[in-house]
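A structural walkthrough
These are the residues of each chain, in order.
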Amino acid sequence: MAAVTGFDPKAEVHGDPIEIPTLACGAMANSKPFAAGPAHQAALGFPGELVEDWHDKAIFRLGELLENSRALRVYLDSCVKCGACTDKCHYFLGTGDPKNMPVARQDLLRKVYRRHFTWAGKVVPWLVGAEDLTKDVLADWYSYFHQCSQCRRCSVFCPYGIDTAEISMAARDIMDTIGMGQKYSNEIIGKVFSVGNNLGLPPKALKATLAGLEDEIEEETGVPVKLPLDVKGADVLLVTPSADFFASPHMEGLIGYAKVFHEAGVSWTLSTYASEAANFGMFVGSQENMKKVALRIRKAAQDLGVKRLVFGECGHAWRVAYSFLDTLAGPFDFLDPAYPVPQHICEFTNDLIEAGKLRFDKAANDSFRLTFHDSCNVARASRMGDAPGGQFEIPRAVLRATCNHFFDMAPETTREKTFCCGGGGGLLTDELMDVRAKGAQPRMRALQEVAEEHGVTHMAAICAICKAQFSKVLPMYGFDREAIVSVHQMVSNAILLTGSRQAEEYDARRKSAG
């Protein structure tokens, strides 16, 4: 794991989450992810190493992207350097490196665009900040476009709505195209194509994991709750991040989903073929690879003959599902039109809560004084339910229904203004631990504030990457590693399954209390 250099997280946890840092030019210039090897590149259809005519191929690919996306051209043309975005990136706030200002990161691509695709850039490049794509510029691309988690917080504050995430995706796509891909994301996408999920968990291991969880639930509750796999004719196909099969607090969330489905009497199944909700094709900006991953979900739904498609707790997976799934892999006209396509597990659970079909013992969560981290891709690139802002209100409604002690963090750090966890966008890899720890600083400061004001002990999230990232950085900032929890972990703790020991004990207490 890469060391966190020149930075003491425990000393930095106190302070204003949005405090503007002292500038540290070039502080993060040496932060780079490991390069993808030839096998990682080949699996995605990219060259295995930097091609000889990389410059011309890069410019040609940029031209193709501009031709295919009017939005990208608008984003590159419309910046007026107003400065509204400069202090809105968590990586800039945590590192002080001015190239982590969103406008400066955009300009790494914008200056090349201007040089090759605008009249002024071709004729008077010095006047409009146009530059050619040199090896030094390419090195900056590889460093700083992998210090963007594509969280889109800067876009909320931009008066023109410039989407830095789209610019970062374009730069990564170009780098992949010329043989300069990132190992972490590309290796993961290859595992999905070969095995079905990011972890490379084969069907036999997945089946054994689910059987073990079934035993655990029955031992806890006395109720034989099932986690079905590849069941044809089930009503619901649950597509969830593979982290839910592997580690805490993800697995506790999966147990929560299973208990909800069981109590609702809904037939459901997981799929070995589509055992991954995540779609890292978005992180590398490759629509072709995004589509290949999405089509696996479509195929699983058709092969199993399900009626509904429900996604588990994964931030960018929900963005891809909500915003792009029908375009990438639709139409889904073979599913039941009476239900949303797709539907988030929080929507599914909240609908049952509102219908009075689930019972909870909120006291079961009294050891948790809880807050909620709005995951960036859910907050700024999706919706839940029928009402605007449902992506903010529905997870909180589920938590309030299952917990007695809930407190929001400061409004300038939540909802559409939420800070990224610091590990999103394909950066959740050990060699980037330095930038990940520094990028987490604004969220950690907001958490520290609510811990001091309300005694908050835990933070819930509905994103697999957020949970994994916080499990690493919370101890660095002086918090307990297990302070990060799944929303459906809270559901699992409090739900009263019909016939369970917990339900019998709860009813007995209420009866004795009169």
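Scope of this entry: the structure provided in the associated data block.

Topic: the packing of aromatic side chains
For the coordinates displayed, the defined rule picks out 10 aromatic pairs. Ring centres of Phe7 and Tyr477 lie 6.4 Å apart, and the angle between their planes is 70°; this geometry places the pair in the edge-to-face category. Taken together, the positions of Phe7 in the segment before helix H1 (9-12) and Tyr477 in the loop between helix H22 (464-476) and strand S7 (484-486) put the pair 470 residues apart, joining distant regions of the chain. Since its relative accessible area comes to 2%, Tyr477 is described here as buried. Chaining the aromatic ring pairs together yields one cluster made of Tyr184, Phe280 and Phe283. The cationic tip of Arg298 hangs over the ring face of Phe332; the distance from NZ or CZ to the ring centre is 5.6 Å. The ring centre of Tyr339 lies 3.6 Å from the NZ or CZ of Arg308, which sits over that ring.

Considering the side chain of Glu313
By the element assignment, Glu313 lies in the loop between strand S3 (308-311) and helix H16 (315-329). Given the relative accessible area of 0%, Glu313 is considered buried. Within the structure, Glu313 has its side chain in polar contact with the side chain of Lys467 (distance 2.7 Å). In terms of polar contacts, Glu313 uses its side chain to reach the side chain of His488, at 2.9 Å.

Structural notes on the sheet that holds strand S1 (residues 236-239)
An order of S2-S1-S3-S4 is seen for the 4 strands of this open sheet, with the pairing classed as parallel. Each edge of the open sheet carries a strand with a single partner, namely strand S2 (268-269) and strand S4 (343-344). On the sheet, helix H14 (residues 250-264) packs against S1 and S2 and is oriented at approximately 170° with respect to S1. Here helix H15 (residues 287-304) sits on the sheet and contacts S1, S2 and S3; the angle it forms with S1, its principal contact strand, is near 155°.

Concerning the nonpolar core
Judged by nonpolar contacts, the single largest core of 114 residues is most densely connected at Phe261, Leu309, Phe311, Met444, Leu447 and Phe470. A domain split of this core shows at least three residues from each of domain 1 (9-188) and domain 2 (195-407 + 456-494). Discounting chain neighbours no more than four positions away, the residues touching Leu309 are Leu237, Val239, Ile297, Leu325, Phe332, Leu335, Pro342 and Gln343. If you look at the next biggest cluster of nonpolar residues, it comprises 43 residues, including Leu66, Cys85, Met101 and Ile174.

A few points about the pattern of salt bridges
Applying the stated rule across the entire model yields 23 salt bridges. Glu19 is the partner of Arg445 in a salt bridge, and the nearest nitrogen-oxygen pair spans 3.1 Å. One end of the pair, Arg445, is in helix H21 (residues 441-454); the other, Glu19, is in the loop between H1 and helix H2 (38-43), with 426 residues separating them in the sequence. Assessed through its relative accessible area of 5%, Arg445 is described here as buried. Note that Glu220 and Lys259 form a salt bridge whose closest N and O atoms lie 3.1 Å from each other. Here Glu220 is found in helix H13 (residues 203-221), whereas its partner Lys259 is found in helix H14, with 39 residues between them in sequence. Here the salt bridges do not stand alone but share partners, grouping Asp374, Glu393, Arg396, Asp408 and Arg415 into one network.

Quick look at the pairing of S3
In summary, the side chains of a regular strand alternate between the two faces of the sheet. Side chains Arg308 and Val310 project from S3 onto one buried face, and the interleaved Leu309 and Phe311 project onto a second face that is buried too. Pairing of S1 with S3 involves 4 bridges; the strand directions are parallel. Residue Val239 lies in a different strand from S3, and its bridge partner there is Phe311. Pairing between S3 and S4: 2 bridges, direction parallel. Residue Phe311 lies in a different strand from S4, and its bridge partner there is His344. Of the crossover connections in this fold, the one passing from S3 over H16 to the parallel S4 is right-handed.

Cut-offs and rules
- Just so you know, the residues in each chain are numbered from 1, in the order the chain's sequence is written.
- Since the coordinates come from a predicted model, pLDDT governs what is reported: local features require at least 70, and pairs of side-chain atoms require 80 or more to be given and counted, while whole-chain, interface and lining totals use all residues.
- Side-chain numbers here rest on the full set of heavy atoms in the structure, without hydrogens or water.
- We call Phe, Tyr and Trp rings a pair once their centres come within 6.5 Å, taking the six-membered ring for Trp, and we label the pair stacked below 30 degrees between planes, edge-to-face above 60, and tilted otherwise.
- In this text, helices come from DSSP runs of H or I with a minimum length of four residues, and strands from runs of E with a minimum of two, each type numbered from the N-terminal end.
- Think of it in three bands: residues with accessible area under 20% of the maximum for their type are buried, residues over 50% are exposed, and the middle band is partly exposed, with areas taken using a 1.4 Å probe on protein chains only.
- When the NZ atom of lysine or the CZ atom of arginine is within 6 Å of a ring's centre and also within 35 degrees of its normal, the charge is said to sit over that ring.
- Side-chain atoms alone can form a polar contact between residues adjacent in sequence; in general such a contact is a pair of N or O atoms within 3.5 Å, and within protein one must be able to donate a hydrogen while the other accepts it.
- The rule for pairing is simple: two strands pair if DSSP sees at least two bridges between them.
- In what follows, residue pairs with any heavy atoms lying within 4.5 Å of each other are defined as contacts.
- Every axis in this analysis is a line fitted to C-alpha atoms, fitted for helices over the stretch in contact. Angles between the N-to-C directions lie between 0 and 180 degrees.
- By convention a nonpolar core is built from buried Ala, Val, Leu, Ile, Met, Phe, Trp, Tyr and Cys residues, the set being connected through side-chain atoms within 4.5 Å.
- Domain start and stop points were drawn from an automatic or database domain assignment.
- Salt bridges, as used here, are contacts in which a Lys or Arg side-chain nitrogen is within 4 Å of a carboxyl oxygen on Asp or Glu.
- Crossover handedness is defined by viewing with both strands directed away from the observer: a clockwise path from the first strand over the helix to the second marks the crossover as right-handed.

Note that all results are geometric; they support no functional claim without further evidence.
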